[in-house]
Amino acid sequence: MEKRKLGSQGLEVPAMGLGCMGMSEFYGQSNEQEALATLKRALELGVNFLDTADMYGPFTNELLVGKVLAGRRGDVVLATKFGNERRSDGSWVGVNGRPEYVRAACEASLQRLGTDSIDLYYQHRVDPKVPIEETVGAMAELVRQGKVRYLGLSEAAPATIRRAHKVHPITALQTEYSLWSRDPEDALLPTLRELGIGFVAYSPLGRGFLTGRFRRFEDLPEGDFRRGSPRFQGENFQRNLQLVERIQELARAKGVTASQLALAWVLHQGRDIVPIPGTKHVRYLEENVGALQAKLTPEDLRRIDEASPVGVAAGLRYPEQSMQSVNL
């Protein structure tokens, strides 16, 4: 497995990680046995950069990942997050970046994961009510205590990242990045590269849309949160389907799947970028890993860029209310 460096503090991870969120919530029914099989297969394949968060489940995803960590902690680069506060019944409290919450959330995550340290600890969403310096100051204290090795932010704006980085080095910034979410190329990626911060791309397959598996809105499982996503609704769905068809055509010409082409494109955007496609099925995990073997020529990249330019996707990437908590 190819390795990539995240940030300039020494963290090294595989070129592709595994997003674990959908194993517990949001994407239809969950099956713990299949999820565990997927996690174990990921480690066999060298995909040992596992991404979870306390809010997934809520709380149950960390417990799930903890089962795989047992006896194998040294084999895993573990990333988790705090900041989207939820109750055990699944209801939402809100974004919380208060220092006392940072400390309490970390202790709870360590207990659920069954470990004494987290490799990469992210603030999941920026709390506009709390200065970023206070939140990151509390995170830095966790590093000094040995409970956390490296710090990350998720969905933070360039100005916020600069302020945070002055308090304690930020190793990685995580946000959505794919052929239908290329906004980070504008100001975010240049800022990260200036500061020596790595970029972790979540939803690099457009929440599954870029795989070509969804042809109709009805293909989404009942209760799936994507049913409320603007990009999966009405006219937007049909317009975005045209993008997928262009990607599939290019993929066929390369002898790869649409998923592999989309992931290969992200991988080719820089060695400081690590995609973390999420899946709860072994077969899709193995397909995704196949993207690491796909070599794109400059002409391939030109054609992909032509087929999927910046701003091509129809619809916001989150419902309007959720968009208010990103890029802060």
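- Per an unreviewed UniProt entry, the protein is named Aldo-keto reductase, and its organism is Pseudomyxococcus hansupus.

## What to know about the side chain of T38
- Within the secondary structure, T38 is located in helix 1 (residues 32-45).
- Look past the residues within four positions of T38 in its chain and what remains in contact with it is M23, T279, K280, H281, V282 and L285.

## Concerning helix 3 (residues 99-113)
- For helix 3, spanning 15 residues, the distance from its first C-alpha to its last is 21 Å, which sits close to the expected 21 Å at 1.5 Å a residue.
- Those residues of helix 3 lying buried are P99, Y101, V102, A105, C106, S109, L110, R112 and L113. Projection of helix 3 onto a plane perpendicular to its axis shows the buried side chains occupying an angular sector of 165°, all on one side.
- Looking one or two places after helix 3, you find G114, whose phi comes out positive at around 70°.

## What to know about the pairing of strand 7 (residues 92-95)
- Examined bridge by bridge, strand 6 (residues 84-86) and strand 7 share three bridges and lie antiparallel to one another. Following the sheet pairing, E85 is matched in strand 7 by G94.
- With antiparallel pairing between neighbouring strands as the criterion, strand 6 and strand 7 make up a hairpin whose turn holds five residues, including G90 at a positive phi of roughly 95°.

Cut-offs applied
Residues numbered from 1 in each chain as written. Predicted model: local features only at pLDDT ≥ 70, side-chain atom pairs only at ≥ 80, totals over all residues. Heavy atoms only, no water. Helix = DSSP H or I, 4+ residues; strand = E, 2+ residues; numbered from the N terminus. Contact = heavy atoms within 4.5 Å. Expected span 1.5 Å × (residues − 1). Buried < 20%, exposed > 50% of the residue type's maximum accessible area, 1.4 Å probe, protein only. Arc of directions from axis to C-beta. Pairing = 2+ DSSP bridges.

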